[in-house]
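Take a look at the letters that make up each chain.
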Amino acid sequence: MEPIIEMKNIVKTFSDNVVLDHVNFTLHKGETCALLGVNGAGKSTLIKILNGIYHADSGEIFFEGNKVKISEPQDAEKLGIRFVHQELNVCPDLTVAENIFIGHLKKNRFGFYNSREVYKAAQELIDQLKIDIKATDKVGDLRAAEKQIIEILKAMTLNSKVLVLDEPTSSLSEKEKVIFFHLLATLKERGVSFIFISHFLEDVLQISDRAIALKDAKNNGEFDTKHATKDDLIFAMMGKNAVQRERVERSEKSDAAPVLELKDLCSAGKFSHINLSVQRGTILGVCGLLGAGKSEIARAIYGLDPYDSGTIVYKGEVIRRPKPEMMMKKHVAIVTEDRKLEGFAPLMSISENITLSVLRNFSTKLGFMKEKARAAESLRIAKDVTVKMTSDQQKVESLSGGNQQKVIIGRCLESNPDLFILDEPTRGVDVYAKTEIYNILIDMANRGVTVLIFSSELEELLSVCTEIIILRSGEIKGRVSAKETDKAQLLSMIS
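In this text, all values refer to a predicted model and were calculated from it rather than measured experimentally. (Residues numbered from 1 in each chain as written. Predicted model: local features only at pLDDT ≥ 70, side-chain atom pairs only at ≥ 80, totals over all residues. Heavy atoms only, no water.)

Caption draft 1: Just the nonpolar core, in detail. Formed by 76 residues in total, the largest nonpolar core has its most connected members in Ile-5, Met-7, Phe-25, Leu-36, Leu-50, Ile-81 and Ile-195. In terms of nonpolar packing, the next biggest core, distinct from the first, is built from 44 residues, Leu-289, Phe-420, Tyr-438 and Ile-468 among them. (Core = buried A, V, L, I, M, F, W, Y, C linked by side-chain atoms within 4.5 Å. Buried < 20%, exposed > 50% of the residue type's maximum accessible area, 1.4 Å probe, protein only.)

Rendered as structure tokens:
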């Protein structure tokens, strides 16, 4: 097959940190090639060099056989390379249609903006994916998963030769993935080539023709995905296999008071008549498709969003109107769906972020900070949650997505929670970091912490949880044992 992109001996360093060490990458015409690696392996840096955001210290890039210089994103666009980045890049004050066609809005014969044609074309794309959003919706009112879909649609509106997809399925349900993969196959038949970056190895094996793995800033394997296994890819990415700890089945008495009870909880247009209880040391999962109400329930419990009626009972106490500051004092912690917006302070250090919710523990009577004690404790927590860092004084914005998520979890651990709520806890996190996060949650449950996971990733719930709540159209449709249920059964229940 004829190469369309060749990146040869790419080197990139930041200060003394070698991020790419003579890396080679080739994409053929009409091919889907996966680019694999754990968080921090250099994948995003390589793609940013291809996009002109970063400049390589040395190395060459060829496009359709010709050596090219990509100094800025516009250079990549002129070549026909389009990017869907993992971090969302949408305009919240514009509509869905305007976001999809931003930069190339349709015009009438007089050269004026033709809103009618823009909204019509956008709605046709949305209908192809069968997503429950409208072209006229304001993007600022949408959830993270819906914003991800808009990014995908945006890239599909141009006649691109190469589409670079960075974690495109991280916010899609299993049902939506099938439709999305069908669209990719259609574009591929028309000669479009894809670079597919994903931590979902099942998706990689299903959609890709080849896979190239990076490890420690270097090439570490190339695979024909028809003949590769998930374990092959994991070993190439990490040099070892991921091992998940066993859950400890707790022998709580059947009449023991639950840690959390939701009684007939309702919120108009979001969820209705939610009744559930969870006991000490249990990992309970809540799963459902996009729009089922998972995130809305999680946020209502913690007091981030209001609800209309019903009762929340925590440790036997009725919580009338929960507020985040109140729930923090009651040793409840939460990891929200959108870590960039709500999870951490990007310009603060790892140490500052981890201790942000417990500053009183490190302050004197006069209000001064005990910096040595604070630094020692934050370093201990960072090591416990295996944050990959050069120093605990490193800014969180400079970390990979998986390590940012570990910092958030570390901050929650520092608050010593009795109830830990997590909404999509491993979105955009590599397979090894996922296992490390799962092990943290299992260890917490084994110590008696109650863990509540709201997730659309079915394998995650089956792997970690004791029981799983089935949520559909804002209502609970069942509760099953994770041990006695498989992925196909779970998908059938939520669909």
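Structure shown, so let's carry the discussion forward.
Caption draft 2: Expanded view of the side chain of Glu-457. Locating Glu-457 in the fold gives a position in the loop between strand E18 (450–454) and helix H16 (458–464). Discounting residues that sit within four places of it in the chain, Glu-457 has contacts with Phe-200, Glu-424, Thr-426, Lys-434 and Tyr-438. (Helix = DSSP H or I, 4+ residues; strand = E, 2+ residues; numbered from the N terminus. Contact = heavy atoms within 4.5 Å.)

Caption draft 3: Quick peek at the pattern of salt bridges. Enumeration according to the criterion identifies 25 salt bridges in this entry. Between Lys-188 and Asp-209 there is a salt bridge, and its shortest N-O distance comes to 2.6 Å. Of this pair, Lys-188 sits in helix H6 (residues 174–189) while Asp-209 sits in the loop between helix H7 (201–207) and strand E9 (210–215), and the two are 21 residues apart along the sequence. A relative accessible area of 24% means that Lys-188 is categorised as partly exposed. With a closest N to O distance of 2.8 Å, Asp-216 and Lys-215 form a salt bridge. Residue classification places Lys-215 among the partly exposed residues on the basis of a relative accessible area of 23%. What emerges from the salt-bridge pattern is a single network uniting Glu-31, Arg-210 and Glu-222. (Salt bridge = Lys/Arg side-chain N within 4 Å of Asp/Glu carboxyl O.)

Caption draft 4: Highlighting the side chain of Ser-455. The residue Ser-455 is located in the loop between E18 and H16 in this model. The buried category is assigned to Ser-455, whose relative accessible area is 0%. At a separation of 3.0 Å, a polar atom in the side chain of Ser-455 contacts the main-chain amide nitrogen of Glu-457. Apart from residues no more than four positions distant in its own chain, Ser-455 is found in contact with Val-286, Cys-287, Gly-288, Lys-294, Glu-424, Glu-460 and Leu-461. (Polar contact = N/O pair within 3.5 Å; in protein donor to acceptor, adjacent residues only side chain to side chain.)

Caption draft 5: Highlighting unusual backbone geometry. Within the chain, Ala-217 stands out as a residue other than glycine whose phi angle is a positive 75°. Tracing the backbone through its elements, the reader meets Ala-217 in the loop between E9 and strand E10 (218–224). Its identity is not glycine, yet Lys-315 carries a phi of approximately 55°, on the positive side. You can see Lys-315 is positioned in the loop between strand E14 (309–314) and strand E15 (317–319).

Caption draft 6: Looking closely at the sheet that holds strand E19 (residues 467–472). Read across the open sheet, the six strands follow the order E16-E17-E18-E13-E19-E20; overall the sheet is mixed. Edge positions in the open sheet fall to strand E16 (332–335) and strand E20 (475–481), since each of these has one partner strand only. When strand polarity is set aside, the average angle formed by the axes of neighbouring strands in this sheet is 15°. Together, strand E13 (283–287), E19 and E20 form the strand contacts of helix H17 (residues 487–494), whose direction differs from that of E19 by roughly 35°. (Pairing = 2+ DSSP bridges. Axes fitted to C-alpha atoms, helices over the stretch in contact; angles between N-to-C directions.)

Caption draft 7: Spatial organisation of the packing of aromatic side chains. Enumeration according to the criterion identifies one aromatic pair in this entry. Between Phe-14 and Tyr-54 the ring centres are 5.2 Å apart and the planes differ by 70°, which places this aromatic pair in the edge-to-face class. Placement of the pair is Phe-14 in strand E1 (residues 3–14) and Tyr-54 in the loop between helix H1 (43–50) and strand E4 (58–63), with a sequence separation of 40 residues. Residue Phe-14 is classed as partly exposed on the basis of its relative accessible area, which comes to 33%. The lysine or arginine in question, Arg-321, covers the ring of Tyr-307, its NZ or CZ lying 4.9 Å from the ring centre. One cation-aromatic arrangement involves Lys-434 over Phe-200; the distance from NZ or CZ to the ring centre is 4.0 Å. (Phe/Tyr/Trp six-rings, centres within 6.5 Å; stacked < 30°, edge-to-face > 60°. Lys NZ or Arg CZ within 6 Å of the ring centre and 35° of its normal.)

Caption draft 8: Seen up close, helix H14 (residues 401–414). Taking 1.5 Å as the rise per residue, H14 with 14 residues should run 20 Å; its terminal C-alpha atoms sit 20 Å apart, in good agreement. Counting buried residues along H14, 14 of its 14 residues qualify, which places the element largely inside the surrounding structure. Just beyond H14, the residue with positive phi is Asn-416, at close to 55°. (Expected span 1.5 Å × (residues − 1).)

Caption draft 9: Layout of the sheet that holds E14. Strands sit in the order E12-E11-E14-E15 across an open sheet of four strands; the sheet is antiparallel. Across the chains shown, the open sheet's two edge strands, defined by having one partner strand only, are strand E12 (271–278) and E15. For this sheet the average axis-to-axis angle between neighbouring strands, irrespective of direction, equals 20°. In terms of strand pairing, E14 meets E15 through three bridges, oriented antiparallel. Of the residues in E15, the one forming a bridge with Tyr-314 is Glu-317.

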